[in-house]
Amino acid sequence: MNLDPVTIAIIATNVIMSFKGFGDRLFFEKYKFNVGSIRRGEQIRMFSSGFLHVDTTHLFFNMFTLYFFADAVIFELGQLNFIIIYVASLIFGNLLSLYFHKEEYWYNAVGASGAVTGVLYAAILLQPEMNLYMFFVPIPIPGYVFGIGYLLYSIYGMKKRIGNIGHDAHFGGAVGGYAVTLILLPSLFETDLGHIGLLAIPIIILFVLYKTGKLN
């Protein structure tokens, strides 16, 4: 696969900033997502935290996922729109994290997961019949089935607080990628309304759970 220069630049930025953070704790602490610091006005953390990672495994899996799906979005929508989707998904993921953890001033997070998940969902929306292969699952999974399942799992993870994983950032990034892609390519409402509706189901479920107080 020949990577687009934009994809290479984003991966390089993540690698450079993450390795800087691995070796410089003060740098990591200054730019990570932290609710207390953001609420005190350090808004740069909403963006910079998306280029830091906990360790090389965390970095690898995010960049590996981006490697597989970025160019599909660029091919369909172009470089500028891809950047818009990436940044919007990153910010939307962190906004959702901030919203759900706004009273937890100690809450920290890092990683490109929100942005990468947004790119993944943009790719699924653009090519809903794409086949995805999961570890330990020998059969291909249609993209839209994976998308719905992933968001439902993210809701479950948010509700049960499973693991040291920012499920809300993943969910927010996916919603950001979903929404921005539809804004950029509204013709999808005419050509693929069925998949758009199916992918909206977990978003509606989250909204209902939140409104009924059953998310926590």
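Everything below is about the structure shown above.
Residues numbered from 1 in each chain as written. Predicted model: local features only at pLDDT ≥ 70, side-chain atom pairs only at ≥ 80, totals over all residues. Heavy atoms only, no water.

Asks: What should I look at first to understand the overall build of the protein chain in this one?
Replies: Per the secondary structure count, the protein chain includes eleven helices and four strands. Since a compact globule built from 216 residues should have a radius of gyration of about 17 Å, the 17 Å found for the protein chain is in line with a globular shape. A principal-axis box enclosing the C-alpha atoms of the protein chain has dimensions of 50 × 45 × 35 Å. For the protein chain, restricting intrachain contacts to residue pairs at least 6 apart in sequence, the fraction spanning at least 24 positions comes to 74%. Counting every atom, the protein chain has about 11,100 Å² of accessible surface; 68% of that belongs to carbon and sulfur. For the protein chain, the separation between the mean place of its 13 positive charges and that of its 13 negative charges on side chains is 15 Å. (Helix = DSSP H or I, 4+ residues; strand = E, 2+ residues; numbered from the N terminus. Rg over C-alpha atoms; globule rule 2.2 N^0.38 Å. Contact = heavy atoms within 4.5 Å. Areas by Shrake-Rupley, 256 points an atom, 1.4 Å probe, with all protein chains shown as cover. Lys, Arg positive; Asp, Glu negative; His and termini not counted. Charge placed at Lys NZ, Arg CZ, Asp CG, Glu CD.)

Asks: Would you explain the pattern of salt bridges in this entry?
Replies: Pairing between side chains of opposite charge can happen when their charged atoms approach one another. Following the criterion strictly, the structure yields five salt bridges and no others. Its salt-bridge partner being Arg-25, residue Glu-29 comes within 3.1 Å of it at the nearest N-O pair. Here Glu-29 and its partner Arg-25 are both found in helix 2 (residues 25-31), four residues apart, which amounts to about one turn of the helix. Classification of Arg-25 as exposed rests on a relative accessible area of 55%. Across the pair Glu-29 and Lys-32 runs a salt bridge whose closest N-O atoms are separated by 2.6 Å. Take Lys-32: its relative accessible area is 10%, and that puts it in the buried class. (Salt bridge = Lys/Arg side-chain N within 4 Å of Asp/Glu carboxyl O. Buried < 20%, exposed > 50% of the residue type's maximum accessible area, 1.4 Å probe, protein only.)

Asks: Sorry, what's going on with helix 1 (residues 5-23) here?
Replies: Note that an α-helix has 3.6 residues per turn; residues three or four places apart therefore point the same way. Taking 1.5 Å per residue as the helical rise, helix 1 with its 19 residues ought to reach 27 Å, and the 27 Å between its terminal C-alpha atoms agrees with that figure. Within helix 1 the residues assigned to the buried category are Val-6, Thr-7, Ile-10, Ile-11, Asn-14, Met-17, Ser-18 and Gly-21. Down the axis of helix 1, the smallest arc covering the buried residues is 140°, so these residues share one side. What points out from helix 1, more than 90 degrees from its buried face, is the exposed set Pro-5, Ile-16 and Gly-23. (Expected span 1.5 Å × (residues − 1). Arc of directions from axis to C-beta.)

Asks: Would you mind showing me how to read the nonpolar core here?
Replies: Soluble globular proteins tend to bury their nonpolar side chains together. Leu-66, Val-73, Phe-82 and Tyr-86 are the most contacted members of the largest nonpolar core, which has 51 residues in total. Among the elements of the structure, helix 1, helix 2, helix 5 (56-77), helix 6 (79-100), helix 7 (113-126), helix 8 (143-160), helix 9 (167-184) and helix 11 (193-211) are those that each provide at least two residues to this core. Counting residues per element, this core draws most heavily on helix 7, at ten residues. Ignoring sequence-local partners within four residues, the contact set of Leu-66 consists of Ile-10, Ile-11, Phe-82, Tyr-86, Val-116 and Val-119. Counting six residues, the second largest nonpolar core, distinct from the first, contains Phe-33, Ile-38, Met-46 and Tyr-107. (Core = buried A, V, L, I, M, F, W, Y, C linked by side-chain atoms within 4.5 Å.)

Asks: Would you mind going over the packing of helix 1 against helix 5 with me for this structure?
Replies: Between helix 1 and helix 5, the shortest axis-to-axis distance is 10 Å and the interhelical angle comes to 165°. Here helix 1 is positioned roughly antiparallel relative to helix 5, judged by the angle of their axes. The handedness of the crossing between helix 1 and helix 5 is right-handed. Facing helix 1, whose interface residues are Val-6, Thr-7, Ile-10, Ile-11, Asn-14, Val-15, Ser-18, Phe-19 and Phe-22, helix 5 presents Thr-56, Leu-59, Met-63, Leu-66, Ala-70, Asp-71 and Ile-74. Considered class by class, the residues forming the contact of helix 1 with helix 5 number eleven nonpolar, four polar and one charged. (Axes fitted to C-alpha atoms, helices over the stretch in contact; angles between N-to-C directions. Parallel < 35°, antiparallel > 145°, perpendicular 65-115°, else oblique. Left-handed = near helix turned anticlockwise from the far one by under 90°. Nonpolar A, V, L, I, M, F, W, Y, C, P; charged D, E, K, R; others polar.)

Asks: How should I be thinking about the layout of surface pockets in this particular structure?
Replies: Its volume calculated, the second largest pocket comes out at about 250 Å³. Along its surface, the second largest pocket is lined by Phe-92, Leu-95, Leu-96, Tyr-99, Phe-100, Phe-171, Val-175, Ile-203, Leu-206, Phe-207 and Tyr-210. Secondary structure elements with two or more residues in the lining of the second largest pocket: helix 6, helix 9 and helix 11. Of the residues forming the lining of the second largest pocket, the biggest block, five residues, is contributed by helix 6. In the lining of the second largest pocket, the residues fall into eleven nonpolar, no polar and no charged. (1 Å grid on protein atoms, 1.4 Å probe; cavity = no way out; pocket = protein on both sides within 12 Å on 5 of 7 lines; lining within 4 Å. Points joined across faces, edges and corners; volume = space filled by probe spheres on them.)

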